[in-house]
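Chain and residue survey
Below are the chains, spelled out letter by letter.
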Amino acid sequence: MLTRQKLFQVAEYLQYWLSQVDEHSLQAPFIYDFYTKVILGESPSQPDLIALRQELTRNINIIPIKDYGAGSITGASEHRQIGVIAKYSISTIKTAQLISRITAYFNPGKVIELGTSLGLLTLEINRGTPGADIYTIEGAPALCDLAKSHFKKYSTGQIKLYQGNIDKVLPQVIQEAGHVDVAIVDANHTKEATLSYFYTLLKGCNQQSVIVIDDIHWSKGMKAAWSEISNHPEVTCSIDLYQIGVVMFREELSKQQWTLTV
C-alpha cells in the first residue's frame, strides 16, 4: 500500500511529466545550449567510483548518525547501516553525474556542497571539475570520517570537508570561499532548512552563481520551498528536472521557469 508521501510523489511526477518540454520547445539560446550539452549530455565512466558505490551498498557495518535539523543545537543521534545509507540516502549515479555535468558547465572556481554524506557526489563533482575548490559540509562525524577516507583515496582536486551544523558552518564557509560559484543543496530535506540554506547562500551569490537543489518534489514542504526559491525576485531562471532544481541569477536571462525532460 502506498504511503501518503509516495502518493504525493506519484502525483508530482505525473504533473512534471505533463509539463516537461524538450529541446524542440526551447527558443532561448542559453537554455537550449545548457539543455542539449549538459542535461542531454553523457558523463565519462568512473569505474572506480562505481565500484566504491557498490562496495558501500554491501557494507553491513553500523555507524552513529547525528542529524542536525534547521535550528537544532545538539542534534539527534541514531544508528544506521552503511549499506542502507548508500542505497537510500545518497544521490543515484544518474543524478550525481547530472549534477557533476551541471557544475562543470559553469567552470566554477568555488563549489559549496551541503550534505557530504559518504562523499560519492562530492567525488563526482571533483572529477568533473578538478580545478575547483570544493567546500563540503556534513553534520555526522562518522560520515565525515568515511568521506575523508574516500577523498584521500579517490579525489583528484582540492576538497575541504567541514563537520558541524550547516546553519552554523555555512556562513563561515562562504566567508572563506569569498563567493558562491555553484552550490549544491542536498542536506536536511525540509522546507525550513532548505529555505534557510538558500537565503544564506544568497548572501554570497552574484549574477554568475548557480544553486542546485535536490529532491524538490520529495514532499509538500520541499515543493513549497522550491516554489518560493524559483519565484524569488533575484532568481532570473529556474529549471525543474524533477529530481533536482537549478536556479540562476543572470540579468541577461528573462524571468522564466522551465520544466525540462531528463
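The preceding data block contains the structure.
Below: a short report on this structure.

A separate point is empty space enclosed by the protein. For the coordinates displayed, the defined rule picks out one cavity of 30 Å³ or more. Approximately 30 Å³ is the volume found for the largest cavity. Lining the largest cavity, in full, are Leu49, Ile50, Arg53, Ile93, Leu120 and Glu124. For the lining of the largest cavity, the elements supplying multiple residues, two or more each, are helix H3 (47–57) and helix H6 (120–128). Considering each element in turn, the lining of the largest cavity owes the most residues, three residues, to H3. Here the residues of the lining of the largest cavity sort into four nonpolar, no polar and two charged.

Pairing between side chains of opposite charge can happen when the charged atoms of each approach one another. What the rule picks out here adds up to seven salt bridges. In this structure, Glu12 and Lys223 form a salt bridge, with 3.0 Å as the shortest nitrogen-oxygen distance. Taken as a pair, Glu12 in helix H1 (residues 4–19) and Lys223 in helix H10 (residues 220–230) lie far apart in primary sequence, 211 residues in all. Using a relative accessible area of 5% as the deciding quantity, one classes Glu12 as buried. For Lys223, a relative accessible area of 31% gives the class partly exposed. For Asp33, the salt bridge identified is with Lys37, shortest N-O distance 3.0 Å. Within this pair, Asp33 and its partner Lys37 are both found in helix H2 (residues 29–39), separated by four residues, close to a single helical turn.

Okay, the layout of surface pockets next. Quantified by volume, the largest pocket comes out at close to 1200 Å³. If you trace the largest pocket, you find 46 residues lining it, with Tyr88, Ser89, Asp186, Ala187 and His189 closest to the centre. Those elements that place two or more of their residues in the lining of the largest pocket are H1, strand S1 (62–67), helix H4 (82–88), H6 and strand S4 (133–138). Sort the elements by how many residues they give to the lining of the largest pocket and H4 lands first, with four residues. Tallied by class, the residues present in the lining of the largest pocket amount to 18 nonpolar, 18 polar and 10 charged.

Take the nonpolar core next. Ile102, Ile239, Leu241 and Met248 are the most contacted members of the largest nonpolar core, which totals 51 residues. For Ile102, the contacting residues outside a window of four places in its chain are Phe34, Val38, Val212, Leu241, Ile244 and Val246. Membership of the second largest hydrophobic core comes to 31 residues, among which are Val173, Val185, Leu195 and Val247.

Conventions and cut-offs
Note that residues are indexed from 1 along each chain, following the sequence as it is written. Under the rules for a predicted model, residues below a pLDDT of 70 receive no local features and side-chain atom pairs below 80 are neither given nor counted, while totals for whole chains, interfaces and linings still include all residues. Computation of side-chain values: all heavy atoms of the structure, hydrogens and water removed. Cavities and pockets are found on a 1 Å grid laid over the protein atoms alone: a cavity is a set of points where a 1.4 Å probe fits but cannot escape, a pocket is an open set with protein on both sides within 12 Å along at least five of seven lines, and a lining residue has an atom within 4 Å of such a point. Grid points are joined across faces, edges and corners, and a volume is the space filled by probe spheres set on the points. Helix and strand assignments come from DSSP, with helices taken as H or I runs of at least 4 residues and strands as E runs of at least 2, each series counted from the N terminus. Amino acids outside the nonpolar list (Ala, Val, Leu, Ile, Met, Phe, Trp, Tyr, Cys, Pro) and the charged list (Asp, Glu, Lys, Arg) are all regarded as polar, and Gly is one of them. What counts as a salt bridge is simple: a side-chain nitrogen of Lys or Arg found within 4 Å of a carboxyl oxygen of Asp or Glu. Think of it in three bands: with a 1.4 Å probe and only protein chains considered, a residue is buried below 20% of the maximum accessible area for its type, exposed above 50%, and partly exposed in between. Put simply, a nonpolar core is a bunch of buried Ala, Val, Leu, Ile, Met, Phe, Trp, Tyr and Cys residues held in one set by side-chain atoms that sit within 4.5 Å of each other. Working rule for contacts: check all heavy atoms of both residues, and any pair within 4.5 Å makes them a contact.

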